[in-house]
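Coordinate inspection notes
Okay, here's what each chain looks like letter by letter:
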Amino acid sequence: MIPLLVSILAAAQAAPATAPPKQTATQIAAAAPAKAWGAIKPEDLLLIDFADGQRSVIWLAPEFAPVHVANIRTIARSGWWGDATVYRVQDNYVTQWGDATEKKPPAAGITMRPPAEYEWAWGAHGSIVANPYSDAYASRTGFSTSGWPLAGDGKRQWLPHCYGMVGVARDLAPDTGTGGDLYTVIGHAPRHLDRNIAVVGRVIDGMGALSALPRGTGGGLGLYEDPKMRVPIKRIVIAADLPAAEQLAYQYLRPGTPAFAATLEARANRGLPFFTVPAGTADLCNLMGPVRKVVPTG
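Just so it is clear, the model here is predicted, and its values are computed rather than measured.

1. Concerning unusual backbone geometry
- With an omega of 20°, the peptide bond running from Ala173 to Pro174 counts as cis.
- The residue Glu102 is not glycine, and still its phi comes out positive at about 60°.
- Of note, Glu102 is situated in the loop between β5 (94–98) and β6 (120–121).

2. Here's the deal with the nonpolar core
- Ranked by size, the top nonpolar core spans 35 residues in total, and within it Leu46, Trp81, Val86, Trp97 and Leu182 carry the most contacts.
- Of all elements in the fold, only β2 (45–50), β3 (55–60), α3 (66–78), β4 (85–89), β11 (165–168), β13 (199–205), α4 (208–211) and β14 (231–238) reach the threshold of two or more residues within this core.
- Counting 23 residues, the second-largest nonpolar core is a separate cluster that includes Trp59, Cys162, Leu248 and Met288.

3. Structural notes on the sheet that holds β4
- Pairing in this closed barrel of eight strands is antiparallel, and the strands run β2-β3-β13-β11-β12-β5-β4-β14 around the ring. Strand-to-strand twist in this sheet, taken as the mean axis angle between neighbours without regard to direction, amounts to 35°.
- Contacts from α3 reach β2, β3, β11, β12 (182–185), β13 and β14, with the element oriented near 110° to β14.

4. With respect to the packing of aromatic side chains
- In the structure shown here, the tally under the stated rule is four aromatic pairs.
- Plain terms: the ring middles of Phe143 and Phe260 are 5.0 Å apart, the flat faces sit at 75° to each other, and that makes the pair edge-to-face. Here Phe260 lies in helix α5 (residues 258–268) and Phe143 lies in strand β8 (residues 140–144), a separation of 117 residues in the sequence. Accessibility classification places Phe143 together with Phe260 in one group, the buried group.
- In textbook terms, an aromatic cluster arises when at least three aromatic residues are bridged by ring pairs, as seen for Trp59, Trp148 and Tyr252.
- Positioned above the aromatic ring of Trp158, the side-chain terminus of Arg195 is 4.0 Å from the ring centre.

5. Focus on the environment of Ser127
- Among the structural elements, Ser127 can be located in the loop between β6 and β7 (128–130).
- Counting along the chain gives 99 residues from Ser127 to Ile28, while the straight-line C-alpha distance between them is 24 Å.
- Among residues more than four places away in sequence, those in contact with Ser127 are Phe143, Ser144 and Thr145.

6. A word on empty space enclosed by the protein
- Within this structure, the stated rule accounts for one cavity of 30 Å³ or more.
- Approximately 60 Å³ is the volume attributed to the largest cavity.
- Along the walls of the largest cavity sit Phe64, Glu117, Tyr118, Trp120, Trp158, Leu159, Ile197, Ala198 and Val199, which together make up its complete lining.
- Across the lining of the largest cavity, the residue classes tally to eight nonpolar, no polar and one charged.

7. Focus on α5
- Along α5, the residues classified as buried are Ala259, Phe260, Thr263, Leu264, Ala266 and Ala268.
- Those residues of α5 that are buried lie in contact with α2 (25–31), β8 and β15 (249–253).

8. Side note on the environment of Val231
- Examined against the element boundaries, Val231 turns out to sit in strand β14.
- According to the relative accessible area criterion, Val231 is buried, its value standing at 16%.
- Along the chain, Val231 and Ala25 lie 206 residues apart, while their C-alpha atoms are 34 Å from each other.
- Setting aside chain neighbours within four positions, we find Val231 in contact with Phe50, Ala84, Thr85, Val86, Leu213 and Tyr224.

9. Focus on the sheet that holds strand β10 (residues 156–158)
- If you trace the five strands from one edge of the open sheet to the other, you get β6-β10-β9-β8-β7, paired in antiparallel fashion. Here the strands that pair on one side only, and so sit at the sheet edges, are β6 and β7.
- Bridging between β7 and β8 involves three bridges; their strand directions are antiparallel. Bridge assignment links Val129 to a residue of β8, and that residue is Phe143.

Conventions and cut-offs
Residues numbered from 1 in each chain as written. Predicted model: local features only at pLDDT ≥ 70, side-chain atom pairs only at ≥ 80, totals over all residues. Heavy atoms only, no water. Helix = DSSP H or I, 4+ residues; strand = E, 2+ residues; numbered from the N terminus. Core = buried A, V, L, I, M, F, W, Y, C linked by side-chain atoms within 4.5 Å. Buried < 20%, exposed > 50% of the residue type's maximum accessible area, 1.4 Å probe, protein only. Pairing = 2+ DSSP bridges. Axes fitted to C-alpha atoms, helices over the stretch in contact; angles between N-to-C directions. Contact = heavy atoms within 4.5 Å. Phe/Tyr/Trp six-rings, centres within 6.5 Å; stacked < 30°, edge-to-face > 60°. Lys NZ or Arg CZ within 6 Å of the ring centre and 35° of its normal. 1 Å grid on protein atoms, 1.4 Å probe; cavity = no way out; pocket = protein on both sides within 12 Å on 5 of 7 lines; lining within 4 Å. Points joined across faces, edges and corners; volume = space filled by probe spheres on them. Nonpolar A, V, L, I, M, F, W, Y, C, P; charged D, E, K, R; others polar.

Shape descriptors only; they carry no functional weight alone.
And the structure:
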């Protein structure tokens, strides 16, 4: 161990003092041309407004879970989440919200037993931009041209349980959940959940409002045993339904563009001045595509 440490330090000291630092993925994305970015539809943005004024923004994935996402839109528009709370925060796992009592009648107009929208035929959603790095849970990985990370085996594909991804809470199979109770990953990616639960989106803004909450202790699942600990939600709405003055917009860096490829390289091989030993690889969940909020001008 000591000789290895010495060699690493020696390599760092031998590096030219004038060597320019390698661009970070953030810097690459910031410099990407406008044509490298794609717009996220307001219909696909789910906003969670908390009673304390914080907001989380979820990018929905209707192409991968159409029935569940349709339910989520119906639930949001019905006002069913008007008394929803965050009632489970399990350390290094998930934050979950919805009806803590599990007694509330379901929202009208939803599909009560959605299909198991857990996996699809490889390429079912168009061309796939290959991920150049290996993955521990899937033999083939990549990115849809619509911006989503994909795991698969060349025959099937699925959305992975990466940090910030949003899934539908359910009971034991064959139950698939309606979408009334949702969760987001707040810890090390629990990829063992892949293909067992419907993944319906990704938190793209305001993650701190969900990840920085006190941890629960109930049932070994992070449930808030004291109802007073539950975090009240003011409203959950679809961005497309907001008044014109409240409209907001987000964009994703398009997979397949030179800028996107450069961000993958930057994350797998981080450079000087801090990193002296590039990793040469990256987990799929460390390669989530950049997303940015568009600030109106004028």
